[in-house]
Amino acid sequence: MKNVRDYFSADTLDMEEKALFEPFFHYGCHRSELSQNGSYVKLSCFGNDIIIYNDNGDIVCFDNICPHRGAPFLCSGENEGCEKLRCPYHGWQYENGRLVIPNRSQFKESELQDVDILRYEVAYCGDFVFFSKAPLMRLREQLGDFYETLEKISVSIERKIDLNRTSFASNWKISLENALENYHVPSVHPGTLAPLELSNGEIVFDGLNSIWISDIRNQKAFRKLERLDHVFEDGIYRRDNYFSIYLFPFSMISSTFGYSYAFQSFFPDMPGSTSFYSRTYSVRSRLDTEAFYNSVKSVNRQIFDEDIRVCNMLQKALKGKEIRFVYNELEKRIVNFQKNYGRYMEDEQ
Ligand code: FES
Ligand SMILES: [Fe+2]
């Protein structure tokens, strides 16, 4: 399992693309982000742009590459938007499930037979949209016991209130492993997450995925959260604690009390960088929540900035080093991740 500590080589990254990216479903976005004809979400994984797009009500996912001669369909540089799919090079369009080709008669019709956008499979868990290049299993199977919980969460969500698209200057495994443990919370997040006084809590594994559930021991903060209950609609997914669900290989969704969600993706980019997305979602409420969600957005951003700083330091420090690391009980999600990583990477070798 030597590759799990390889934060620097392009060969390992290529192998990870084959072993972890292509066969699994990955989190894309919430359906509410694609509500209009032409709305899209762009994600960068392994240096490629992937588009999830509302084509007249049909959600399609594809590489942002025109099948004619490779120009990007969407080149605005935005991470989301609403546009017609029209290649800027020779004007090929994609609409209502088919390519519209200018001056079509100049092509041999037989050569156009199999030409299509470079598609991914799309699957849903409730209103959560996932995509996969060549799925090894159905999404329901991949999400296992967490499928129902995620489904309930997805329908509790009202809308995306923030998209934090940033990069870690660290290998994706450093960035992800940091998110898989809470041992660092008092040192790295002293003014943001630590004041909740999260308990060591409980970690439950289900196959490749896991949940960490932790009690909020700061009684003042706990009571304040309890009192907010009436603000939200009945029937939303609720827990009286902090929890984070890890979805192998690249995603994590975390929440306090189920009042808001941060759905994070740690997509590999270059060996020394992670293409990070955190989509913060509000849940259905009956009263004004603007001030509450403004504070959620700003605290979440601070927390991720704190994580980025420490991960970037690790990437620098580990260059050229072979060290045997040790893990405690609070870090056992990392150990489980490494075991599963090894399993799929070995199949690839
Ligand atoms: S490359 Fe897109 S239309 Fe030619
Ligand atoms: Fe953290």
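Computed from a predicted model, the values in this text were never measured in an experiment.

Even after reading the chapter, I still don't get the sheet that holds strand E7 (residues 93-95), so can you show me in this structure?
What links the strands of a sheet is backbone hydrogen bonding, and the strands pair in either a parallel or an antiparallel sense. What the 3 strands build is an open sheet, ordered E6-E7-E8; its pairing is antiparallel. Among the strands making up the open sheet, the edge pair consists of strand E6 (85-86) and strand E8 (98-100). Where E6 meets E7, 2 bridges bridge the pair, whose relative direction is antiparallel. Bridge pairing in E7 links Arg86 to Gln93.

I keep staring at the pairing of strand E1 (residues 26-30) and nothing clicks. Help me out?
Within a regular beta strand, the side chains point alternately toward one face of the sheet and then the other, so they alternate between its two faces. Counting buried positions along E1 gives 5 out of 5 residues, so the element sits mostly inside the fold. With 4 bridges connecting them, E1 and strand E10 (residues 128-132) associate as antiparallel partners. In the sheet register, Cys29 faces E10, and the bridge partner there is Val129.

Hey, could you run me through the coordination of the iron ion (ligand 2) in this one?
Each donor-metal-donor angle in an ideal tetrahedron of four donors is 109.5 degrees, and each such angle in an ideal octahedron of six donors is either 90 or 180 degrees. Distances from the iron ion (ligand 2) to its protein donors, His184 (NE2), His189 (NE2), Asp307 (OD) and Asp307 (OD), fall within 2.1 to 2.7 Å. Bound by 4 donor atoms, the iron ion (ligand 2) shows angles of 53 to 148 degrees at the metal and therefore irregular coordination geometry. Look at where the donors of the iron ion (ligand 2) fall in the sequence and you get H-x4-H-x117-D. Here His189 is found in the loop between helix H6 (185-188) and strand E12 (202-206), whereas its partner Asp307 is found in helix H8 (residues 290-317), with 118 residues between them in sequence. With a relative accessible area of 1%, His189 lands in the buried category. What makes Asp307 buried here is its relative accessible area of 7%.

So what exactly am I meant to see when it comes to the pattern of salt bridges here?
When the charged atoms of two side chains lie near each other, side chains of opposite charge can form a pair. Summed over the entire model, instances satisfying the criterion amount to 19 salt bridges. A salt bridge links Glu22 to Lys18, with the shortest nitrogen-to-oxygen separation between them at 3.7 Å. Note that Lys332 and Glu329 form a salt bridge whose closest N and O atoms lie 3.3 Å from each other. The network of salt bridges with common partners includes Asp229, Arg238 and Asp240.

Help me understand the layout of surface pockets in this model?
Left-over empty space is what a probe sized like a water molecule reveals as it rolls over the atoms. By volume, the largest pocket is sized at about 1,000 Å³. Along the wall of the largest pocket there are 44 residues; nearest its centre are Leu193, Leu196, Thr256, Val299 and Ile303. Broken down by secondary-structure element, the contributors of at least two residues to the lining of the largest pocket are helix H5 (172-179), helix H7 (219-227), strand E14 (242-247), strand E15 (251-256), strand E16 (260-268) and H8. At 9 residues, H8 tops the list of elements feeding residues into the lining of the largest pocket. If you add up the space inside the second largest pocket, you get close to 420 Å³. Forming the walls of the second largest pocket are 19 residues, and the residues nearest its centre are Glu181, Leu314, Tyr327, Glu331 and Ile334. The element contributing the most residues to the lining of the second largest pocket is H5, with 4 residues. Residue composition of the lining of the second largest pocket, by class: 12 nonpolar, 3 polar and 4 charged.

Cut-off values and rules
Residues numbered from 1 in each chain as written. Chains lettered and ligands numbered in written order. Predicted model: local features only at pLDDT ≥ 70, side-chain atom pairs only at ≥ 80, totals over all residues. Heavy atoms only, no water. Pairing = 2+ DSSP bridges. Helix = DSSP H or I, 4+ residues; strand = E, 2+ residues; numbered from the N terminus. Buried < 20%, exposed > 50% of the residue type's maximum accessible area, 1.4 Å probe, protein only. Donors = N, O, S within 2.8 Å, 3.2 Å for Na, K, Ca; no water. Tetrahedral: all angles 85-135°; square planar, octahedral: opposite > 155°, others 65-115°. Salt bridge = Lys/Arg side-chain N within 4 Å of Asp/Glu carboxyl O. 1 Å grid on protein atoms, 1.4 Å probe; cavity = no way out; pocket = protein on both sides within 12 Å on 5 of 7 lines; lining within 4 Å. Points joined across faces, edges and corners; volume = space filled by probe spheres on them. Nonpolar A, V, L, I, M, F, W, Y, C, P; charged D, E, K, R; others polar.

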